[in-house]
Amino acid sequence: MSALSDLLNDSNVEQLSARRITTIAASKGVEVSNTSISKYLRAVPEEPSEKILQAFSLALDIPMTKLREAAGLPAGELEPFVLPESANRLNARQRELVLHTIRVLLNED
């Protein structure tokens, strides 16, 4: 098993099914497929998306930093990144450039 699946299975003390984890995550605003959740519980090797990790975090009460570490990803921080209040002076184009830079740094599309 992978470090991620070990963490997920060790943290799943109530033995929640993939379907139940999906339902809990959806009730908290994170929509993921039952199939995707099931893959990680069975240790199918694939890099998880942030959304998949969020689903597990919400359903199994595991901090995102711990999930990212187990998945071999940069852990990040527990609290969200917040721009300073003065950033509200940026126009739409500038804001998009900031967001694009963040996506590039995170290697997201």
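Residues numbered from 1 in each chain as written. Predicted model: local features only at pLDDT ≥ 70, side-chain atom pairs only at ≥ 80, totals over all residues. Heavy atoms only, no water.

Observations regarding the overall build of the chain
Short version of the rule: By the criteria applied, helices consist of DSSP H or I runs no shorter than four residues and strands consist of E runs no shorter than two, each listed in order from the N terminus. Relative accessible area decides the class of each residue, using a 1.4 Å probe on protein chains only: under 20% of the type maximum gives buried, over 50% gives exposed, and in between gives partly exposed. Between two residues, a contact is recorded if the distance between any of their heavy atoms is within 4.5 Å. Accessible surface is estimated by sampling points in the Shrake-Rupley manner with a 1.4 Å probe; for residues, cover comes only from the protein chains shown. Charge assignment: positive for Lys and Arg, negative for Asp and Glu; neither His nor the chain ends contribute. A single reference atom marks each charge: NZ on Lys, CZ on Arg, CG on Asp, CD on Glu.
Across its full length, the chain holds six helices and zero strands. If you list the helices and strands of the chain from N to C, you get α-α-α-α-α-α. Judged by the C-alpha coordinates and their principal axes, the chain covers about 50 × 25 × 20 Å. Per-residue burial for the chain yields a buried fraction of 32% across its 109 residues. Sequence separation of 24 or more characterises 42% of the internal contacts of the chain that already satisfy a separation of 6 or more. When the accessible surface of the chain is summed, it comes to about 7600 Å², and 53% of that surface belongs to carbon and sulfur atoms. Positive and negative charge centroids in the chain, built from 12 and 15 side chains respectively, lie 6 Å apart.

Points about the packing of helix α2 (residues 18–27) against helix α3 (residues 34–41)
Definition in use: The axes used here are C-alpha line fits, helices contributing only the stretch in contact, and every angle between their N-to-C directions lies in the interval 0 to 180 degrees. By definition in this entry, angles of less than 35 degrees are roughly parallel, angles greater than 145 are roughly antiparallel, angles of 65 to 115 are roughly perpendicular, and the rest are oblique. With the far helix as reference, a near helix turned anticlockwise by less than a right angle produces a left-handed crossing, and one turned clockwise produces a right-handed crossing. Charged residues are taken to be Asp, Glu, Lys and Arg, nonpolar residues to be Ala, Val, Leu, Ile, Met, Phe, Trp, Tyr, Cys and Pro, and polar residues to be all remaining types, Gly included.
One way to put it is that α2 packs onto α3 with a least axis distance of 8 Å and a crossing angle of 120°. Classified by the angle between their axes, α2 and α3 sit oblique to one another. In this structure, α2 meets α3 at a crossing whose hand is right-handed. In this structure, α2 contributes A18, R19, I21 and T22 to the contact, and α3 contributes N34, I37, S38 and L41. Tallied by class, the residues present in the contact of α2 with α3 amount to four nonpolar, three polar and one charged.

Some details on the nonpolar core
Just so we agree on the cut-off: In this description, a nonpolar core means a group of buried Ala, Val, Leu, Ile, Met, Phe, Trp, Tyr and Cys residues linked to one another through side-chain atoms lying within 4.5 Å.
Membership of the largest hydrophobic core comes to 24 residues, with the highest contact counts inside it found for L8, I21, I37, F56, L60 and L67. At six residues, the largest contribution of residues to this core is made by helix α4 (residues 50–60). Ignoring anything within four residues of it in the chain, the contact list for L67 reads L4, L7, L8, L53, F56, S57 and I62.

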